[in-house]
Amino acid sequence: MTRTICLAAAALALMASSADAAMIDWQAELQRCRALRESVAPLLQAGEGISAVGRSNRSVRRCIWIQRMAARKKIPGAETW
């Protein structure tokens, strides 16, 4: 009985932590993406395409996804790359 209760409590804790992980702080993510965009701007100005920069850097790919989702959800401050 005690083992079942412990397993149930552990399962609930895992579900709660994954639910919290799914929440996105859009403004913080957009700010981080703006800073990242400023750092890759020299590469873009040098002629590298955003897809080439994105394939080489996971955080750039995440920012592209964040920007697209934020624009789709009409979050204030969303820009397209």
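Look a little higher up for the structure.
Because the structure is predicted, anything quoted here is derived from the model rather than measured. (Residues numbered from 1 in each chain as written. Predicted model: local features only at pLDDT ≥ 70, side-chain atom pairs only at ≥ 80, totals over all residues. Heavy atoms only, no water.)

For the chain, the count of helices and strands is four helices and zero strands. Ordered by position in the sequence, the α and β elements of the chain form the string α-α-α-α. Across the 81 residues in the chain, those meeting the buried criterion constitute 20%. Sequence-distant contacts, at least 24 apart, represent 63% of the contacts inside the chain between residues at least 6 apart. Counting every atom, the chain has about 6,000 Å² of accessible surface; 60% of that belongs to carbon and sulfur. (Helix = DSSP H or I, 4+ residues; strand = E, 2+ residues; numbered from the N terminus. Buried < 20%, exposed > 50% of the residue type's maximum accessible area, 1.4 Å probe, protein only. Contact = heavy atoms within 4.5 Å. Areas by Shrake-Rupley, 256 points an atom, 1.4 Å probe, with all protein chains shown as cover.)

Another aspect to go through is unusual backbone geometry. Unlike most non-glycine residues, Lys74 shows phi in positive territory, near 60°. Structurally, Lys74 is set in the segment after α4 (58–72). Using a relative accessible area of 71% as the deciding quantity, one classes Lys74 as exposed.

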